[in-house]
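Overview (structure and organization)
Next come the chains, spelled out residue by residue.
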Amino acid sequence: MKYNTLLYYCYSPIAEAEQFAADHLQFCKSLGLVGRIIVADEGLNGTVSGTEEACKAYMEHVHADERFAKTEFKIDEVDQPSFIKMHCRYKAEIVHSGLRDASIIDPNKQTGKHLEPKEFSEMMHDEDVIVLDVRSNYEHNLGKFKNAVTLDIDNFRDFPEQIEALAQYKDKKVLTYCTGGIKCEKASALLLHHGFNDVYQLHGGIIKYGKEAGGKDFEGKCYVFDNRIAVDVNSVNPTVVSKCFNCGTTTSKMINCANPECNEHFTQCDACGETLQGCCSVVCSEHPRKRPYDGTGYYVKVPQPVAIKD
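In this report, we go over the structure that sits alongside the text. (Residues numbered from 1 in each chain as written. Predicted model: local features only at pLDDT ≥ 70, side-chain atom pairs only at ≥ 80, totals over all residues. Heavy atoms only, no water.)

1. Some remarks on the packing of aromatic side chains
To keep it simple, the criterion reads: Two rings from Phe, Tyr or Trp (for Trp, the six-membered ring) form a pair when their centres are within 6.5 Å of each other. A pair whose planes differ by under 30 degrees is stacked, one over 60 is edge-to-face, and the rest are tilted. Labels follow the DSSP assignment, with helices taken as runs of H or I lasting at least four residues and strands as runs of E lasting at least two, numbered in each case from the N terminus. Partly exposed residues are those whose accessible area sits between 20% and 50% of the maximum for their type, while under 20% is buried and over 50% is exposed, using a 1.4 Å probe and protein chains only. The criterion is that NZ of a Lys, or CZ of an Arg, lies within 6 Å of the ring centre and within 35 degrees of the ring normal, and then a charge sits over that ring.
In total, this model carries 16 aromatic pairs according to the counting rule given. Summarising the aromatic geometry, the rings of Tyr8 and Tyr58 are spaced 5.9 Å apart at their centres and angled 55° between planes, so their arrangement reads as tilted. Of the two residues, Tyr8 sits in strand E1 (residues 3–11) while Tyr58 sits in helix H2 (residues 52–64), which places them 50 residues apart along the sequence. In this structure, Tyr8 and Tyr58 share a single accessibility class: buried. Taking the centre distance of 4.8 Å and the plane angle of 85° together, the rings of Phe145 and Tyr209 count as edge-to-face. Taken together, the residues span a long stretch of sequence, with Phe145 in strand E8 (residues 143–145) and Tyr209 in helix H7 (residues 205–212) at a distance of 64 residues. A relative accessible area of 0% means that Phe145 is categorised as buried. Overall, the relative accessible area of 0% leaves Tyr209 in the buried class. A connected cluster of aromatic rings, assembled from ring pairs, spans Phe120, Phe145, Tyr177, Tyr209 and Phe218. Over the ring of Tyr299 we find Arg291; its NZ or CZ atom is 3.9 Å from the centre of that ring.

So this is what it looks like as structure tokens:
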């Protein structure tokens, strides 16, 4: 049987988004899909996985709604579904940034100029260009574009605090990128709001770049938010840039610490994984709530009900 994993987002206002989330969850379950979808008043952000037929039906259903007709799906063929459960939750934003004032940041009105993968590949090497990774530490530590500027942030919500440090690039062409494009919609808009003159974003993110430009000059792997954890991007000149958190050996294996009270994202070689049982430290390996380590470093979260806004 053939399976697909779909990555997508769409900034489009949703009335009664809390109820939409509950209804959408039931629809996904009716198709037998698994995955994680965030619903907010501003739109949708999701990764879902299932049979080829179920994924096709899901895409047709989303596109049939005029609010989401412009949604672009990035499709991966997978050996098995990339999730175990189906979650669809209402939240304040479809990607947590803290930038909720639509009078200041509205991706439907102003963002960086979208570059298709091949355009991005050509422009990123120009002398007056800065390639800016807007993702978190654990993501760009696993893989990033060659010579990209990275930010010391643990979450995307910390991005606005980096604007002052980035001010030195105001007069350059700034090419932003992220996993699938969603973070760049707000990041590029915020840069424009703060006076950056020439801002672009990689349309479809790293995932689309790998599919359409062969991933050229992307070093390492791309972190993804499902049980695959990391995916290959570069089929042209691939390299591994990440190191084992514990011993420094080159490795591309990304896991979560087996201590649920830590749950740190980090890279770890198989040898250290066996010694520490998937933990980032001896202390965590001795924690009474340590989860059994099966070599993957992926742990299923306890299902939660759809969050309803107060």
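2. Considerations on the sheet that holds strand E3 (residues 43–51)
Cut-off, in case you're wondering: Between any two strands, at least two bridges found by DSSP are needed for them to pair. Only the stretch in contact is used when a helix axis is fitted, and all axes are lines through C-alpha atoms; the angle between N-to-C directions ranges over 0 to 180 degrees. It only takes one pair of heavy atoms within 4.5 Å for two residues to be counted as in contact.
The 5 strands lie next to each other as E4-E1-E3-E2-E5, forming an open sheet whose pairing is mixed. Among the strands making up the open sheet, the edge pair consists of strand E4 (74–78) and strand E5 (86–90). Across the sheet, the axes of successive neighbouring strands diverge by a mean angle of 10°, strand direction being ignored. Relative to E5, strand E2 (residues 34–40) is paired through 5 bridges, and the arrangement is parallel. Bridged to Arg36 within E5 is His87. Those strands touched by helix H6 (residues 182–193) are E1 and E3, and its axis lies near 25° from that of E1.

3. Side note on H2
Threshold: Here the expected span of a helix is defined as 1.5 Å times the quantity of residues minus one. Here the arc refers to the set of directions running from the helix axis out to each C-beta atom.
Between the first and last C-alpha of H2 there are 18 Å, a value that for 13 residues agrees with the 18 Å anticipated at 1.5 Å per step. Buried within H2 are the following residues: Ala54, Cys55, Tyr58, Met59 and Val62. Down the axis of H2, the smallest arc covering the buried residues is 135°, so these residues share one side. Every exposed residue of H2 that faces more than 90 degrees away from the buried side is listed here: Glu53, Lys56 and Ala64. In this structure, the buried side of H2 is in contact with E1, helix H1 (17–30), E2, E3 and E4.

4. Notes on the pairing of E4
Here E4 shows a buried face lined by Lys74, Asp76 and Val78 and an unburied face lined by Ile75 and Glu77. The pairing of E1 with E4 spans 5 bridges and is classified as antiparallel. Looking at E4, one finds that Thr5 is bridged to Asp76.

5. With respect to H1
The first and last C-alpha atoms of H1 sit 20 Å apart over 14 residues, in line with the 20 Å expected at 1.5 Å per residue. For H1, the elements touching its buried residues are E1, E2, E3, H2 and E5. Downstream of H1 by one or two residues, Gly32 has phi in the positive range, about 80°.

6. Quick look at the pattern of salt bridges
Stated formally: A side-chain nitrogen of Lys or Arg and a carboxyl oxygen of Asp or Glu constitute a salt bridge if their distance falls within 4 Å.
One pass over the full model with this rule turns up 15 salt bridges. For Lys113, the salt bridge identified is with Asp198, shortest N-O distance 3.0 Å. Of this pair, Lys113 sits in strand E6 (residues 113–115) while Asp198 sits in strand E10 (residues 198–202), placing them 85 residues apart in sequence. The class of Lys113 is partly exposed, set by a relative accessible area of 47%. One salt bridge in this structure joins Asp270 and Lys253, with 2.9 Å as the shortest N-O distance. Of the two residues, Asp270 is situated in helix H8 (residues 270–276) and Lys253 in the loop between strand E13 (230–231) and strand E14 (254–256); the sequence distance between them amounts to 17 residues. What makes Asp270 exposed here is its relative accessible area of 53%.

Read these as geometric descriptors, not functional statements.
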